[in-house]
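# Structural features, examined
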Protein chains: 2
Amino acid sequence: MIAKRMEGYVKNNSAIRMMFEEGKRLANLYGKENVYDFSLGNPNVPAPASINDEIKRIVDLVDPLTVHGYMSNAGFESTREAVAASLKKRFDTDFTVNDIIMVAGAAAGLNATLKAILDPEDEVLVFAPYFLEYRAYVTNYDAKLVEIAPDTKTFMPDVKALEKAINVKTKALILNNPNNPTGVIYDEEVIKEIALVLSKKEKEIGHPIFLISDEPYRELAYDGARVPFVTKYYRNSIVCYSFSKSLSLPGERIGYVAVPNVIEDHDNLFTAIVCACRITGFVNAPSLMQLAVERCIDEKCDLEFYDKNRKDLYDMLTELGFECVKPQGAFYLFVKSPVADEKEFVQAAVKKNILFVGGSSFACPGYVRMAYCVSNDTIKNSRNAFTELAKEFNLK
Amino acid sequence: MIAKRMEGYVKNNSAIRMMFEEGKRLANLYGKENVYDFSLGNPNVPAPASINDEIKRIVDLVDPLTVHGYMSNAGFESTREAVAASLKKRFDTDFTVNDIIMVAGAAAGLNATLKAILDPEDEVLVFAPYFLEYRAYVTNYDAKLVEIAPDTKTFMPDVKALEKAINVKTKALILNNPNNPTGVIYDEEVIKEIALVLSKKEKEIGHPIFLISDEPYRELAYDGARVPFVTKYYRNSIVCYSFSKSLSLPGERIGYVAVPNVIEDHDNLFTAIVCACRITGFVNAPSLMQLAVERCIDEKCDLEFYDKNRKDLYDMLTELGFECVKPQGAFYLFVKSPVADEKEFVQAAVKKNILFVGGSSFACPGYVRMAYCVSNDTIKNSRNAFTELAKEFNLK
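Summarised in this report is the structure supplied together with it. (Residues numbered from 1 in each chain as written. Chains lettered and ligands numbered in written order. Predicted model: local features only at pLDDT ≥ 70, side-chain atom pairs only at ≥ 80, totals over all residues. Heavy atoms only, no water.)

### A few points about the side chain of B:Asn111
Examined against the element boundaries, B:Asn111 turns out to sit in helix α5 (residues 106-117). B:Asn111 gets classed as buried once you look at its relative accessible area, which sits at 1%. Within the structure, the side chain of B:Asn111 is placed 3.1 Å from the side chain of B:Asn140, a separation counted as a polar contact. What B:Asn111 contacts, discounting residues up to four positions off in sequence, is A:Ile279, A:Thr280, A:Gly281, B:Tyr137, B:Asn140 and B:Tyr141. (Helix = DSSP H or I, 4+ residues; strand = E, 2+ residues; numbered from the N terminus. Buried < 20%, exposed > 50% of the residue type's maximum accessible area, 1.4 Å probe, protein only. Polar contact = N/O pair within 3.5 Å; in protein donor to acceptor, adjacent residues only side chain to side chain. Contact = heavy atoms within 4.5 Å.)

### Section: the environment of B:Glu264
All names here are of chain B. Residue placement: Glu-264 occurs in the loop between β8 (255-258) and α9 (266-279). Here Glu-264 falls in the partly exposed class, since its relative accessible area comes to 30%. Each C-alpha atom, one on Glu-264 and one on Asn-236, is 6.5 Å from the other, the two residues being 28 residues apart in sequence.

### Comments concerning the relation of the copies chain A and chain B
Once chain A has been moved 0.0 Å along the axis and rotated by 180°, it coincides with chain B to within an RMSD of 0.0 Å. Classification of the inter-copy transformation places it as that of a two-fold axis. Across chain A, the rotation axis passes nearest the C-alpha of A:Lys56, at a separation of 2.8 Å. A share of 100% of interface residues in chain A that are also interface residues in chain B marks the association as one of identical surfaces. (Least-squares fit on C-alpha atoms with pLDDT ≥ 70 in both.)

### Focus: the nonpolar core
Ranked by internal contacts, the top residues of the largest apolar core, which has 122 residues, are A:Leu162, A:Phe243, B:Leu162 and B:Phe243. Once you skip the residues sitting within four places of it in the chain, B:Leu162 turns out to touch B:Leu125, B:Phe127, B:Ile148, B:Leu173, B:Ile194, B:Val197 and B:Leu198. One finds A:Ile2, A:Val283, B:Ala3 and B:Ala276 within the second-largest nonpolar core, a separate group that totals 96 residues. (Core = buried A, V, L, I, M, F, W, Y, C linked by side-chain atoms within 4.5 Å.)

### Description of the environment of B:Leu114
Residue and element names in this part refer to chain B. Position of Leu-114 relative to the elements: it lies in helix α5. The sequence separation of Leu-114 and Ala-276 amounts to 162 residues, and the corresponding C-alpha distance is 8.9 Å. Leaving out residues up to four positions away in the same chain, Leu-114 has contacts with Val-124, Tyr-137, Val-138, Tyr-141 and Ile-212.

### A short note on the pairing of strand β3 (residues 123-127) of chain B
Residue and element names in this part refer to chain B. The element β3 is extensively covered by neighbouring structure, given that five of its five residues are classed as buried. Of the two faces of β3, both are covered, the one formed by Glu-123, Leu-125 and Phe-127 as well as the one formed by Val-124 and Val-126. In terms of strand pairing, β3 meets strand β4 (residues 144-148) through five bridges, oriented parallel. Looking at the pairing, Phe-127 lines up with Ile-148 of β4. After leaving β3, the chain enters helix α6 (residues 133-140) and then returns to the sheet as β4, a path that is right-handed. Here β3 pairs with strand β5 (residues 170-176) via four bridges, running parallel. Looking at β5, one finds that Leu-125 is bridged to Leu-173. (Pairing = 2+ DSSP bridges. Right-handed = clockwise from strand over helix to strand, strands pointing away.)

### Things to note about the pattern of salt bridges
Counted according to the given criterion, the structure contains 46 salt bridges over all chains. A:Asp60 serves as the salt-bridge partner of B:Lys56, at 2.5 Å between the closest nitrogen and oxygen. Separated into two different chains, B:Lys56 in helix α2 (residues 49-61) and A:Asp60 in helix α2 (residues 49-61) make up a pair that spans both. Note on B:Lys56: relative accessible area 22%, which makes it partly exposed. In this structure, the salt-bridge partner of A:Lys200 is A:Glu163, at a minimum N-O distance of 2.4 Å. Of the two residues, A:Lys200 is situated in helix α8 (residues 188-205) and A:Glu163 in helix α7 (residues 159-165); the sequence distance between them amounts to 37 residues. With a relative accessible area of 43%, A:Lys200 lands in the partly exposed category. (Salt bridge = Lys/Arg side-chain N within 4 Å of Asp/Glu carboxyl O.)

### Brief notes about the packing of aromatic side chains
Each aromatic ring pair is characterised by the separation of its centres together with the angle its planes make. Counted by the stated rule, this structure contains 43 aromatic pairs over all chains. With centroids separated by 5.9 Å and ring planes inclined at 40°, the aromatic side chains of B:Phe322 and B:Phe345 adopt a geometry described as tilted. Within this pair, whereas B:Phe322 is found in the loop between α11 (303-319) and β9 (332-336), its partner B:Phe345 is found in helix α12 (residues 342-351), the two being separated by 23 residues in sequence. Comparing B:Phe322 with B:Phe345, the two get one shared label, buried. Here the aromatic residues A:Phe38, A:Phe322, A:Phe345, A:Phe356, A:Phe386 and A:Phe393 are joined through ring pairs into a cluster of three or more. (Phe/Tyr/Trp six-rings, centres within 6.5 Å; stacked < 30°, edge-to-face > 60°.)

Here it is, written out as structure tokens:
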């Protein structure tokens with residue numbers, strides 16, 4: 001008696017659950033320390049201590065009717081001002097309180113934005129590989145997600161293919177930078193190329209193409225790499241941000257949407273996103289957490305922990321003969337499967353107690369995603385298992 | 001460039017904003033204490049002190065990776081167990097952890113539930129007057145909200161009209177008990193009648209009709225009135241609960257959906273609601289707040305405050321000749337407009353610095369909603385203004 005449209009999701013959910021149960025079964029059988037689980041993108045460094053300090057200060061000092069109460073659906077003005085000020089300081093942007101909407105995480109921000117702009121039959125473009133949930137988000141609003149095939153040499157966006165994919169139905173392009181699942185950072189050069197193509201095509205098709213930048217991994221950048229701030233390069237940009245990774249608060253559902261004041265039809269778009277939050281049941285971003293991130297806006301969790309894992313896992317895998325683009329962001333490695341059908345590789349790994357996710361789950365078969373948000377010991381201890389796996393596939 | 005489907009919401013949002021600005025203008029002009037604002041359903045008693053105590057204890061004692069981290073999309077097992085145990089104790093139900101989904105408030109719960117069950121062209125019934133946002137919630141999933149005309153004598157559900165309104169497209173009935181905007185509590189007798197009709201009609205049409213009970217006001221019941229727990233009376237019931245009013249946490253977005261294990265297709269329905277939370281961007285209910293309500297599950301905010309306001313405002317209005325069903329729940333009075341077009345009444349009141357909302361906003365013109373979640377002084381001080389208003393309309 002569930003909706004026909006939900007049947008696929010429910011079925012797929014069972015598959016994920018089976019994977020999860022398999023992990024538990026292995027841990028029970030061999031001990032948790034002998035299972036090398038790289039399947040989940042779940043932050044594993046704690047939130048900065050200041051978050052909990054500020055939470056305690058807020059509940060002690062601020063009126064409970066404010067701390068836990070309703071505010072404007074767009075969020076506390078003070079929080080939105082803090083976000084705008086931080087962005088100005090870091091990226092020399094000129095957002096004000098009227099351009100920032102606090103939302104319940106980037107997934108909420110994406111959904112509210114898509115609800116605000118999409119009519120049935122509209123098309124939304126995305127570069128593969130990508131977080132497969134985007135397909136659900138776009139389908140929620142009766143529009144169509146159109147994939148642009150990956151450039152598997154570099155996993156940078158294929159801008160020529162983007163140009164070809166745009167037509168009069170194109171309403172938006174979703175960009176995920178740093179990228180899940182590849183960990184690649186799209187640099188300034190490619191962002192400029194994308195901006196050029198979108199600007200040209202907007203004129204051709206006679207309406208804006210929104211560049212929706214999904215940036216939960218923005219602060220997870222290594223080797224001094226910089227993640228370009230898209231609104232500096234392209235007028236019709238919308239940024240969906242989450243504090244899930246930067247402050248290790250994934251369970252709290254807290255982030256923002258930034259809508260630059262130069263964007264086409266700014267006021268209606270801003271209001272439409274706020275209304276979308278309301279009518280889809282989000283209402284507002286969690287209040288105490290808004291006040292907490294406001295006070296910790298420029299803090300970061302321990303990035304060196306992730307960076308060390310990145311280097312250790314990358315070095316180990318490449319030493320053993322696995323092929324992988326060295327990523328500079330997020331907490332993922334996207335490793336080439338030594339056999340064409342990556343499911344075979346995933347299965348062989350499970351037999352050695354190594355868990356990771358096939359690239360088909362990111363619209364890029366022939367690869368696998370390894371999430372290195374694990375303890376460093378997990379990486380160290382997995383060496384023998386990976387060595388055997390490499391041997392099995394005759395690497396090196 | 002916003003979605004065509006959003007244009008109406010954006011326009012309507014401007015109307016609400018104008019009302020809000022009018023309130024601010026009056027407050028600036030006459031002083032805040034000389035404006036009697038009964039327009040907002042915004043809890044104004046603080047959360048119980050134990051909530052803040054528990055928040056501090058949790059951030060001090062529980063691992064931050066747990067406090068702020070991801071958990072199963074359905075919520076922490078310990079929180080779901082606490083909800084199930086509390087319901088068992090209070091209503092002798094037999095929910096388990098497998099029947100409770102923590103959600104970001106009742107609005108989130110309603111949306112996830114509707115997403116889980118609705119296909120295009122399905123119909124959802126609701127008794128007028130009702131919270132108008134239900135229309136948006138149902139329309140989000142391409143289904144149709146069908147209103148059942150109010151019985152303005154008692155504002156109890158018209159069960160005969162319900163029976164007539166059911167057809168093969170009917171997928172659900174939304175019940176809001178205690179009711180916004182009337183404050184009326186639907187008693188056991190009428191819930192039994194509704195259950196009887198739904199059970200009979202399910203057999204006729206050959207598929208379940210879900211009774212979705214939206215219960216953010218459940219604990220706000222006065223005069224010893226009891227709000228029947230629907231799952232005790234009807235098999236295919238789903239309860240959407242929020243802690244917004246009971247614990248005065250409206251900004252925190254925390255509640256649950258209860259799906260009894262006897263419901264048709266329980267496991268798929270449960271999974272579909274959890275998946276719906278995920279793919280619409282909710283992901284999970286805010287984590288720290290889950291742990292906080294778990295520890296304060298049977299606490300309540302100061303209900304006597306609301307009760308005193310209810311009596312004082314009701315007594316004053318009826319003394320002055322206004323007509324109103326005496327409500328036993330929530331924090332609203334639904335007052336008959338002395339003129340057929342209630343907009344005229346609303347406008348006349350604004351001229352006396354009294355603000356309330358027309359019944360047309362609840363699909364029940366000819367009435368107005370007054371929210372008494374205000375300071376008791378607001379009620380006391382409004383006597384002169386209401387007296388003049390009564391005179392203007394020749395009452396008594």
